Every structure is written in C-alpha cells, then in structure tokens.
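What follows is each chain in one-letter form.
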Amino acid sequence: MYADRIEAGRELADSLQFLAVHDPVVLGLPRGGVPVADEVAKALHAPLDVIVVRKLGVPYQPELAMGAIGEGGVRVVDDDVVRMAGLTDADLAEVEHRERAELERRVRPFRGDRERVSLAGRTVIIVDDGIATGSTARAACRVARALGASRVVVAAPVGPAEAASRLIPDADDVVCLEEPVPYFAVGQAYRDFTQTTDDEVASVLARAALRPTGAPADLDPEVEIPAGRVTLAGSLAVPDQATGLVLFAHGSGSSRHSPRNRFVAAVLNARGIATLLLDLLTPGEEHDRRLVFDIELLAERLGFATRWARQDETTAGLPLAYFGASTGAGAALTAAAQEQEGVVAVVSRGGRPDLAGAGALERVTAPTLLIVGGNDPEVLDLNRLALSRMRCPTRLEVVPDAGHLFEEPGALETVAQLAAGWFEQHLPTADRLAAG
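What comes next is a walk through the structure. Every value quoted in this text rests on a predicted model; they were computed, and no experiment measured them.

### Points about the packing of aromatic side chains
Then step 1. Tallied over the full model, the rule gives 3 aromatic pairs.
Then step 2. Taken together, the ring pairs in this structure connect Tyr 2, Tyr 190 and Phe 193 into an aromatic cluster.
Then step 3. The ring of Phe 193 carries Arg 5 above its face, with NZ or CZ at 4.5 Å from the centroid.
Then step 4. The cationic tip of Arg 307 hangs over the ring face of Phe 304; the distance from NZ or CZ to the ring centre is 5.2 Å.

Written as structure tokens, this is what we have:
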C-alpha cells in the first residue's frame, strides 16, 4: 500500500524517468491525479497542468460514451456509437452544450488567469491516482491528441490487470505500477485516500507554475533532523528573501505530505514565508496510538526541529512560528510554552488545545490564532475554553459551514488566508526590528 498520493507519485516518477529526455508535459486528471502528477512533473523537471475532460453519454444510456470533450473547443466523437444509437446532430449538440458548461465550471478554479500548457508536438504523460474503468483516461488520451500531442502515455500507481488492454490504442504506452488481484477500487492501494479538493488542485498548479522546467528544481527539499535517538523527516521550502519560517505539526493519521497542510504551506510560500512540514514520529512509531497522542513527546521533538532551524544555514536567522493541526496544535502550543520568546506566532487549525501539557496554555506568550470550522461543535467548544485560559494575544476565527477537515469549497482557502495574515502581522519586519 502507498502511504498517500505523494508517496505513490514519487514511486511512479521512478518508473517514468525514461521519458525525461523527451521534454514531456505532465497532465493530472483532477482531482486526485494532480498531487500524483505533481511528483512526476518535479522528478522529470516537466511542466504540470490538468487535463479536464467530460464524457459525452448517449442521452438514454449515459454510461455509454459516444465521445468526449476537452478545453479549447475540442470534441472527439465515436461515429459508430452515434450511428448505432440513432442520434441526430441536434442530439449530440444538446449533450455537448450541457457537458461543455460543466467542463468550464470545473476548470475555472484550477488555473486562475494562467494559460493552458500547449501540447502541440509534445510527449504527454496523463497521470491519475489509479485506474478504475479507464473511461476517463481514454477520453483524456483522445482529447490530448486532438490538442496536438505527438505521443500519449497514461501512468497510474494502481489499476486492474487489464489496464493496458483497455487503454491501448488510445494511449501509446501505459505504465501501471500495481495490479492487485482481486481489484475492487483505487482506494484499496492507499492508507490515506482523503479526497483532494479544488483548492488543493489550484495550490499544486500555482506552485508548479513557479518551478523552472528543463533543469533540476525542487521547492520542497527533504531534510533530516536529529531528535535525540531518532531522526525526523521534513519538507523544507524557503522562498527568496523569506520573512520567517513556519514549522508545521500535523494531526493524528496524517503526515508531512498532508494535502491540507501543503496547501496552506503553498499559500505562505507565495507570500514569502518559508515552511517546514514535519513528521514528529518515525515510520516505525506512527502506528502506535499511544505515541500519536503523546503530546509531550511531540512537543519535545518540535523543539528539536526548532533548534535545528535556528542553526541550519538555510533558515538560521529567520523568525520562527508554529502551525498545528488537530492533535498537532496541542504539540505546537506545548512547544510554544516551552520556547517562550523564541516563537513569534502560533496558528491552530481545527486544533485540540485541550491536549496541551498542564499549564501550557497559560504560559504561551506568542500571539495565537485559533481557527475552527463552524460545523465542528465539540472542537469549537474546546477552543472557546482555551481562549478563556490563554493570557497571550489570542483570537478565535470560526469558518462558517466548515467541518473539522475544512473540505468544503473555499474553506481551506479561508484557513490559509487567515493563517498568512496572522503570520504577516506578527513576523518582525525590517522596520519593526529597526525600531527595536
């Protein structure tokens, strides 16, 4: 099993290195295919984009595809199906009109104002997080060819044993790493198969657009941090002229590859704030539920990471702040209480401040922002209680209609903007430093 889509993408990238010399374009099938495709694009130093397609189903039998549409007005039609179904041009036009509106609605949030990457004459790698029936991938292959692709490769971490036979000749090559038997669903290959949101897709694409292509580039180098008897894994991103560094402590059942935390980190990076996403437990420890909720241990290790950041040549001298999610917020607040003046701000997303060590809330001196979903009543009550106990500058922000994981449209974007604003408000600027 893959831990998550990030791990799957990295393993898939290893199997696609033979395509690096062909100057490929990597296209992710939204939404779950995009984080996988991002890892492939980074490894091949290739541009990343999405390919959004809509199947054209026969009106009285929608599961039967008579064609597909893509961006740029592209339409591919299976004339044999249209003829056998007895459909007129008007029937086809009506289905296309409806699906075209849906396609445009879906693609609009992904790229913002950026142009679609040209596929003319390029080798195109279409990536998904897994192959089920293969119908979407087949449609994507046809649309990519209609947009000018000279070679089309479909790649996925997992799929059925007959994946290649289903996709060729629409694809020139099919790369599928795992073909489990029996095969029930894509999610059976992942420990973390959390749904990818539109906001996360947009974040991945925005970040990828900043990467140079054609040469090695990694905005998230992996780092190793000594922490007593263990070594912690981290993902570090330091923009040019960074104004500060935010250390992330994730919640139980997640990792430094959490798409939600990576989304927030991307927003911070775009605003000039460096980020260090951490695994506070080793792979051998993360399945021990006692350790997952050992807040003192997690806080201690966050302290090790804090001291490492102060000494590392890449981050030394940067003001430090914490971002904690769920149980990670308890660790962040405990560590902030121990670090005292060494941490300038804390943000908690859907946090469990009640898990902080005894007396820790009262000892935190760093300005703290508590962000909670309006549809997360138990955690909201816990944060209100924490607000009443904390003595530092503290604010509670409730995101309306959001649940614990902020999966609702726009909810995570709100979290990211609130966090970025809080850090910018409290990170010491050059003017503030000069003023003493």
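### Digging into the packing of helix H1 (residues 5-14) against helix H2 (residues 33-44)
Then step 1. Where H1 contacts H2, the two axes come as close as 7 Å, and the packing angle between them is 40 degrees. Relative to H2, the element H1 is oriented oblique. For the pair H1 and H2, the sense of crossing is right-handed. Residues Arg 5, Ile 6, Gly 9, Arg 10, Leu 12 and Ala 13 of H1 lie in contact with H2, whose contacting residues are Pro 35, Val 36, Glu 39, Val 40 and Ala 43.
Then step 2. Of the residues that constitute the contact of H1 with H2, the class distribution is 7 nonpolar, 1 polar and 3 charged.

### As for helix H5 (residues 135-146)
Then step 1. For H5, which comprises 12 residues, the first-to-last C-alpha distance of 17 Å matches the rise-based estimate of 16 Å (1.5 Å per residue) to within 8%.
Then step 2. Listed in full, the buried residues belonging to H5 are Ala 137, Ala 139, Ala 140, Cys 141, Val 143 and Ala 144.
Then step 3. The inward-facing, buried residues of H5 contact strand S4 (61-69), strand S6 (123-127), strand S7 (151-158) and helix H6 (163-167).
Then step 4. Phi for Gly 148, located one or two positions after H5, is positive at around 105 degrees.

Definitions and limits used
- Residues numbered from 1 in each chain as written.
- Predicted model: local features only at pLDDT ≥ 70, side-chain atom pairs only at ≥ 80, totals over all residues.
- Heavy atoms only, no water.
- Phe/Tyr/Trp six-rings, centres within 6.5 Å; stacked < 30°, edge-to-face > 60°.
- Lys NZ or Arg CZ within 6 Å of the ring centre and 35° of its normal.
- Axes fitted to C-alpha atoms, helices over the stretch in contact; angles between N-to-C directions.
- Helix = DSSP H or I, 4+ residues; strand = E, 2+ residues; numbered from the N terminus.
- Parallel < 35°, antiparallel > 145°, perpendicular 65-115°, else oblique.
- Left-handed = near helix turned anticlockwise from the far one by under 90°.
- Contact = heavy atoms within 4.5 Å.
- Nonpolar A, V, L, I, M, F, W, Y, C, P; charged D, E, K, R; others polar.
- Expected span 1.5 Å × (residues − 1).
- Buried < 20%, exposed > 50% of the residue type's maximum accessible area, 1.4 Å probe, protein only.

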